[in-house]
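# Residue-level structural notes
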Amino acid sequence: MARPKSMTEKVTINIDPVDLGYIDLLVDQGFYGNRSDFIKNAVKTRLHDYDDQFKEIQRKERNTGEWVVGITRIGQADVAKNLAEHRQSELHVIGYLTIDRDVDPDELQAAYPKITINGVMKARKEIKDRYGY
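Since this is a predicted model, take the numbers as computed values, not measurements.

### Some remarks on the overall build of the chain
When helices and strands are counted, the chain shows six helices and three strands. Moving toward the C terminus, one meets the helices and strands of the chain in the order α-α-α-β-α-β-α-β-α. Expected size for 133 residues packed as a compact globule is a radius of gyration near 14 Å; at 19 Å, the chain overshoots this value by more than 25%. Counting only C-alpha atoms and orienting by the principal axes, one finds that the chain spans roughly 60 × 30 × 25 Å.

Okay, here's the thing in structure tokens:
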């Protein structure tokens with residue numbers, strides 16, 4: 001599934017001139033549309049090589065809370081539901097987490113005492129600070 005452009009992050013890398021030359025040669029020969037296409041493809045290929053390890057990490061850590069892979073959001077209704085059910089959730093997100101602007105930081109922390117992000121968190125500065133982002 002293609003991601004909206006707003007869900008991508010810009011990353012800067014340094015590449016050896018010879019490696020860059022090989023990338024440019026592949027682009028010139030039509031294997032890739034541009035350098036970015038090559039780099040995105042290379043990253044996805046390498047990440048795919050670790051699929052079994054990712055699954056094993058999630059299996060081992062499953063008892064430590066909720067795992068979300070992809071794009072997710074937390075709204076005030078989610079927080080209120082957890083609090084009403086007297087439930088605290090440790091949340092692990094691989095991807096993109098948005099926390100709505102109307103979410104009360106104290107209530108969020110009561111409902112989700114630990115939030116771990118491997119990816120991007122979009123939230124108010126106060127919330128990011130509380131969780132160390």
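That covers the picture; the talk isn't over yet.
### Quick notes on the packing of aromatic side chains
Applying the stated rule across the entire model yields two aromatic pairs. On the numbers, 5.1 Å between centres and 85° between planes, the contact of Tyr32 with Phe38 is edge-to-face. Among the residues examined, Tyr32 registers a relative accessible area of 23% and is labelled partly exposed. When the centroid spacing of 6.4 Å and the interplanar angle of 40° are considered together, the rings of Tyr50 and Phe54 count as tilted. Taking the relative accessible area as the measure of exposure, Tyr50 reaches 37% and is therefore partly exposed.

### A short note on the side chain of Thr98
One can find Thr98 in strand β2 (residues 90-99). Classification of Thr98 as buried rests on a relative accessible area of 19%. If we ignore the near neighbours within four places in the chain, the residues touching Thr98 are Thr72, Arg73, Ile74 and Lys122.

### Re helix α2 (residues 35-49)
Given a rise of 1.5 Å per residue, 15 residues ought to cover 21 Å, and the 21 Å separating the end C-alpha atoms of α2 matches this to within 8%. Its side-chain oxygen 3.1 Å from the backbone nitrogen of Ser36, Asn34 forms the N-cap of α2.

### Remarks on the domain arrangement of the chain
Domain parsing of the chain yields domain 1 (15-63) and domain 2 (64-132). When each unit is reduced to the centre of its C-alpha atoms, the spacing between domain 1 and domain 2 is 30 Å.

### Let's talk about the sheet that holds strand β3 (residues 114-122)
The sheet built from three strands is open, its strands ordered β1-β2-β3 with parallel pairing. Two strands lie at the open edges of the sheet, namely β1 (66-74) and β3, each paired on one side alone. Shown here is a sheet whose adjacent strand axes are inclined to one another by a mean of 30°, direction ignored. When β2 meets β3, the two strands line up parallel, connected through nine bridges. Within the sheet, the bridge partner assigned to Tyr96 lies in β3 and is Val120.

Parameters and conventions
- Residues numbered from 1 in each chain as written.
- Predicted model: local features only at pLDDT ≥ 70, side-chain atom pairs only at ≥ 80, totals over all residues.
- Heavy atoms only, no water.
- Helix = DSSP H or I, 4+ residues; strand = E, 2+ residues; numbered from the N terminus.
- Rg over C-alpha atoms; globule rule 2.2 N^0.38 Å.
- Phe/Tyr/Trp six-rings, centres within 6.5 Å; stacked < 30°, edge-to-face > 60°.
- Buried < 20%, exposed > 50% of the residue type's maximum accessible area, 1.4 Å probe, protein only.
- Contact = heavy atoms within 4.5 Å.
- Expected span 1.5 Å × (residues − 1).
- Polar contact = N/O pair within 3.5 Å; in protein donor to acceptor, adjacent residues only side chain to side chain.
- Domains from an automatic or database assignment.
- Pairing = 2+ DSSP bridges.
- Axes fitted to C-alpha atoms, helices over the stretch in contact; angles between N-to-C directions.

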